[in-house]
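Summary of structural features
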Amino acid sequence: MDIKKLIKAILPKEIVFEIGLNLRRLKSKKIIRQTQSHYKEVETKIRHRDGKLRVGAYAVYDTTFGACTLFDLMLAQPKKYDVKVVVIPDISRGILYQKQQYLATKRFFEKRFGSQFVADGYNLDTGEFLDYSLDFDVIYCANPYDNMVNIVHGVKYLSKKNVLPIYISYGCYVDNYGYKTIMPLLEISLFWKVFADDVFSYKAYKKYELCKGKNVLLFGYAKMDSFASFKKMVCKRKRIIIAPHHTIKNKVLPLSNFLALSDFILELPRKYPEIEFIFRPHPLLFINMINEGVWTDKKVEQYIANIKDSGMIYSVGGDYFDIFVNSDAIIHDCASFIYEYLFTNNPCCFVAKKGYKKVISSLGKACLKNYTIAFNKNQIEDFVEKVVIASKDVLRESREHFTTKYLKLNYPSVSARILEELLF
């Protein structure tokens, strides 16, 4: 048995994690210090350069873009900002998916901001990855994972260029995976600035980030700013969102109950015809099931067809705040939705596995106190019948109080605050 295996066998997991984290801090201390020193030089150069502030965004997915309102604010001031969204591909899930997702993401942003404000970070014909690091002063990286993108689109690469990379989270840290896997990534500590969503996350950055939160600012959850602009339409029937997560085989973050509930989901429209159901899967659910050999592509296609035939609304891609606003409740096992759906103040049902609290963070546990927790089909049906149909929503006041006090920091003006920060 080698020394690493021996340590893991003898010491508690938390101690092993702390030792590993401290070793990573020692190893990365020099590069983090050099990077932050480099950013001070870049700031000085930008201050002394005439012209507009050039701000870019590297966007992999439309659903993980947390700066729509920020970019709207800059686009409204063309004399001060030169803005562009650069669409870049996810290279980690196969070439076919890479191209399909790239085109879908590009279409979304062209529709959202206009084609003149969208640039190709990838040439579909030649397979070339295009480097824009010299074209901007500030780049917002919508996804912080270097292993998901080509090297020229990664944070480590950008940190060595004359540009200031920033991070605005696309999903809140409601699980320990976010605390212990994402926050300690070297990429997070190599950002010029990281904008924390809430006090829970801000404290966690100081505990888990390699640079102990030195590049982190507490501003609020910018992604939700645009939620305030959506208006509810008049609907004849109540609407419930069904949102399954993608972590079918993920041992670190075992949230998904989709395999156990896939047939049950199809029965819901027949069982409750007075309810309109919206099926909103995580964008990675079906591609992960195919890649991991859980389902074949034909079975996925058939299931989606069955969803549509059942009378459900099949929602995929693009912004999902419109379906949030125009819904009356949600049933899900997704991570970030635990936090985000609370902004609606509608009833929420979290479908949980036994021992789920082991993977949920302090923030997630605080959010879930305002949820109905369901472990099986019967409890899901109780939620539909008693809370949604019969309107016995006993958690409404506590949800509203919690969300206002802890989650809506600077809402809906987080983006405006961030924009002020970018002016140095």
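For the structure, check the block above.
Let us look at the structure shown here.

We now examine a positive patch on the surface. Residues Lys29, Lys30, Arg33, Lys212 and Lys214 make up a contiguous surface patch of positive charge. Structurally, the position occupied by Lys212 is in the loop between helix H8 (199–208) and strand S7 (216–218).

The relation between two aromatic rings is expressed through the spacing of the ring centres and the mutual angle of the planes. Taken as a whole and assessed by the stated rule, the structure comprises 39 aromatic pairs. Aromatic pair Tyr221 and Tyr339: ring centres 5.2 Å apart, planes at 80 degrees, arrangement edge-to-face. Here the residue Tyr221 occupies a position in the loop between S7 and strand S8 (238–243), and Tyr339 occupies one in helix H13 (residues 336–340), the gap between them amounting to 118 residues. Comparing Tyr221 with Tyr339, the two get one shared label, buried. Through pairs of rings, three or more aromatic residues link up here, namely Phe227, Phe230, Tyr320, Phe321, Phe324, Phe337 and Tyr341. Between Lys180 and the ring centre of Phe17, over which it is positioned, the NZ or CZ distance is 5.3 Å. Here the basic side chain of Arg417 rests over the ring of Phe219, its NZ or CZ set 5.5 Å away from the ring centre.

A few words on the pairing of strand S4 (residues 138–141). Residues Val138 and Tyr140 of S4 are buried on one face, and the alternating residues Ile139 and Cys141, pointing to the opposite face, are buried as well. Note: strand S1 (residues 53–59) against S4, four bridges, orientation parallel. When the bridges of S4 are listed, Gly56 appears paired with Ile139. Direction of pairing for S4 relative to strand S5 (residues 164–168): parallel, over a ladder of three bridges. Bridge pairing links Ile139 to Pro165 in S5.

Calculation criteria
Residues numbered from 1 in each chain as written. Predicted model: local features only at pLDDT ≥ 70, side-chain atom pairs only at ≥ 80, totals over all residues. Heavy atoms only, no water. Patch = residues over 30% accessible without salt bridge, like charges linked within 9 Å, V, L, I, M, F, W, Y side chains within 5 Å. Areas by Shrake-Rupley, 256 points an atom, 1.4 Å probe, with all protein chains shown as cover. Salt bridge = Lys/Arg side-chain N within 4 Å of Asp/Glu carboxyl O. Lys, Arg positive; Asp, Glu negative; His and termini not counted. Charge placed at Lys NZ, Arg CZ, Asp CG, Glu CD. Helix = DSSP H or I, 4+ residues; strand = E, 2+ residues; numbered from the N terminus. Phe/Tyr/Trp six-rings, centres within 6.5 Å; stacked < 30°, edge-to-face > 60°. Buried < 20%, exposed > 50% of the residue type's maximum accessible area, 1.4 Å probe, protein only. Lys NZ or Arg CZ within 6 Å of the ring centre and 35° of its normal. Pairing = 2+ DSSP bridges.

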